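Spelled out, the chains give:
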Amino acid sequence: MYKINENYLKLPGSYLFSNIGKKVAAYKEANPDKDVISLGIGDVTQPLCPAVIDAMHKAVDEMANAETFHGYAPDLGYEFLRSAIRDNDYKARGVDIALDEIFVSDGAKSDSGNIGDIFSVDNKIAVCDPVYPVYVDTNAMAGRTGEYIAEQERWSNVIYMPCTKATNFAPELPKETPDIIYLCFPNNPTGSTITKSQLQEWVDYANKVGAVIIYDAAYEAYISEDDVPHTIYECDGAKTCAIELRSFSKNAGFTGTRLGFTVIPKELKSNGVMLNSLWARRHGTKFNGAPYIIQRAGEAVYSEAGKAQTKEQVAYYMNNAKVIMDGLKNAGFSVSGGVNAPYVWLETPDGMSSWEFFDHLLTNANIVGTPGSGFGPSGEGYFRLTAFGTYENTLKAIERIKSL
Ligand SMILES: *Cc1c(COP(=O)(O)O)cnc(C)c1O
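Residues numbered from 1 in each chain as written. Predicted model: local features only at pLDDT ≥ 70, side-chain atom pairs only at ≥ 80, totals over all residues. Heavy atoms only, no water.

1. What to know about the overall build of the chain
Move 1: In terms of regular secondary structure, the chain is built from 13 helices and 17 strands.
Move 2: Expected size for 404 residues packed as a compact globule is a radius of gyration near 22 Å; at 21 Å, the chain falls within 12% of this value.
Move 3: Seen through its principal axes, the chain has C-alpha atoms that stretch 60 × 55 × 50 Å.
Move 4: Here the chain holds 404 residues, and 53% of them are scored as buried.
Move 5: Contacts spanning at least 24 positions in sequence make up 73% of the contacts within the chain whose residues lie at least 6 apart.
Move 6: For the chain, the exposed surface amounts to about 17700 Å²; the carbon and sulfur share of it is 50%. (Helix = DSSP H or I, 4+ residues; strand = E, 2+ residues; numbered from the N terminus. Rg over C-alpha atoms; globule rule 2.2 N^0.38 Å. Buried < 20%, exposed > 50% of the residue type's maximum accessible area, 1.4 Å probe, protein only. Contact = heavy atoms within 4.5 Å. Areas by Shrake-Rupley, 256 points an atom, 1.4 Å probe, with all protein chains shown as cover.)

Laid out in structure tokens, this is it:
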């Protein structure tokens, strides 16, 4: 008799966004005349830029000819893309990353889950609380998180690092020593960042205790402040303790196109074993490679035109973020984020819970946002609004919130 992976049975039933979807659908059905605006989406809305579209068209034509056709992609990704990544994301920032330390993938969500394959079940993870739920959920599926304690909405074997107003939305070094530390900056959902010297403390700590940091830099393109690092490898000693995850989703609109990459330096070793080799083995065996057409699209993001056009898209979203920040501040809300990330994090007013505020906003302003409690226990009492909507809808939504 076959057996299933019973870790899946421990996962709490309903996923945050399906709960939201159900509530919104029910509200719309009961109120068909209402114009409901979503500031809850964690997905981009601007189309792929012309430089990317041109590159894809060209690559499609190449696939139509025997001389220029491409079959299976190389395991690590095409060299044209990996050198563009090395030169633009690393060399240009004074960081020396080798081509065979870059692994092209179908995105940071897959990588942040799959990376667990190269680690023993017997590792204790530490996560920022609140944070992108994928880290905890995938570790739960692997059997690393212990038991789920429903009343506390937390797992028994996870070190939660609260990121609240009291800590300026940054994690503090944990009292209990973790093996694997997930850091995500700029952060989803809080939009918070840490400075290079703060990140250096994490790198020093990880090297000292023998932990590995998995650094999710999916929002790197949104950084506007000078003292915020764009890559963890700007910190001394990061190559011996850190893996970095990157994505083309939020900087260039590839959420439906799919492309990302992971960096694993060869210096990163556990008892003398290179994690780079393990991941190369895993990548070659379990991943079929991102399609040629999509890798050409990714290369185009680094062309002069691609850089200018994607920068404009990021600026568009960040202008929305400013509208949300300014509007909420004027309306008396306590807000953070929104400066280096397309997320604005607000404290719910009048002691409302995150879900109470969700209902309040939906019913009285016809606006959909995301309850902070969905991102971890310390998100209770907070709420996320995103800047990924249109400018017009963002303005309209903020006017409604102001007149609540
Ligand atoms: C959106 C998001 C991702 C997803 O990246 P993909 O490349 O689209 O899989 C990864 N990490 C965080 C924190 C995100 O918010």
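2. Describing the layout of surface pockets
Move 1: Approximately 1400 Å³ is the volume attributed to the largest pocket.
Move 2: In terms of lining residues, the largest pocket is bounded by 48 residues, among which Tyr 15, Phe 17, Pro 133, Val 134 and Asp 137 are the most central.
Move 3: Residue assignment for the lining of the largest pocket shows that the elements contributing at least two residues are helix H2 (16-30), helix H5 (108-114), strand S3 (125-129), helix H6 (134-142) and helix H8 (249-252).
Move 4: By residue number, the principal contributor to the lining of the largest pocket is H6, which donates 6 residues.
Move 5: Of the residues assigned to the lining of the largest pocket, the class counts are 26 nonpolar, 13 polar and 9 charged. (1 Å grid on protein atoms, 1.4 Å probe; cavity = no way out; pocket = protein on both sides within 12 Å on 5 of 7 lines; lining within 4 Å. Points joined across faces, edges and corners; volume = space filled by probe spheres on them. Nonpolar A, V, L, I, M, F, W, Y, C, P; charged D, E, K, R; others polar.)

3. Notes on the nonpolar core
Move 1: The biggest cluster of nonpolar side chains holds 83 residues, and the ones touching the most others in it are Leu 183 and Ile 213.
Move 2: Residues within four places of Leu 183 in sequence aside, it is in contact with Cys 128, Met 161, Pro 171, Leu 199, Trp 202, Ile 213, Ile 214, Tyr 215 and Asp 216.
Move 3: Formed by 32 residues, the second largest nonpolar core is a distinct cluster that contains Leu 16, Val 323, Val 335 and Leu 385. (Core = buried A, V, L, I, M, F, W, Y, C linked by side-chain atoms within 4.5 Å.)

4. As for the pairing of strand S2 (residues 102-105)
Move 1: Both faces of S2 are covered, namely the face carrying Ile 102 and Val 104 and the face carrying Phe 103 and Ser 105.
Move 2: By the bridge criterion, 4 bridges tie S2 to strand S10 (residues 260-263) in an arrangement that is antiparallel. Each bridged residue has a counterpart across the sheet, and for Ser 105 the counterpart in S10 is Gly 260. (Pairing = 2+ DSSP bridges.)

5. Details of the side chain of Asn 123
Move 1: Summarising the element assignment, Asn 123 is placed in the loop between H5 and S3.
Move 2: For Asn 123, the side chain forms a polar contact with the main-chain oxygen of Ser 120, separated by 3.0 Å.
Move 3: Beyond its immediate sequence surroundings of up to four residues, Asn 123 is in contact with Arg 144, Asp 179 and Ile 180. (Polar contact = N/O pair within 3.5 Å; in protein donor to acceptor, adjacent residues only side chain to side chain.)

6. Section: the sheet that holds strand S7 (residues 180-184)
Move 1: With mixed pairing, 7 strands are arranged side by side in an open sheet as S2-S10-S9-S8-S7-S3-S6. Among the strands making up the open sheet, the edge pair consists of S2 and strand S6 (158-162). When the angles between neighbouring strand axes are averaged without regard to direction, this sheet yields 20°. (Axes fitted to C-alpha atoms, helices over the stretch in contact; angles between N-to-C directions.)

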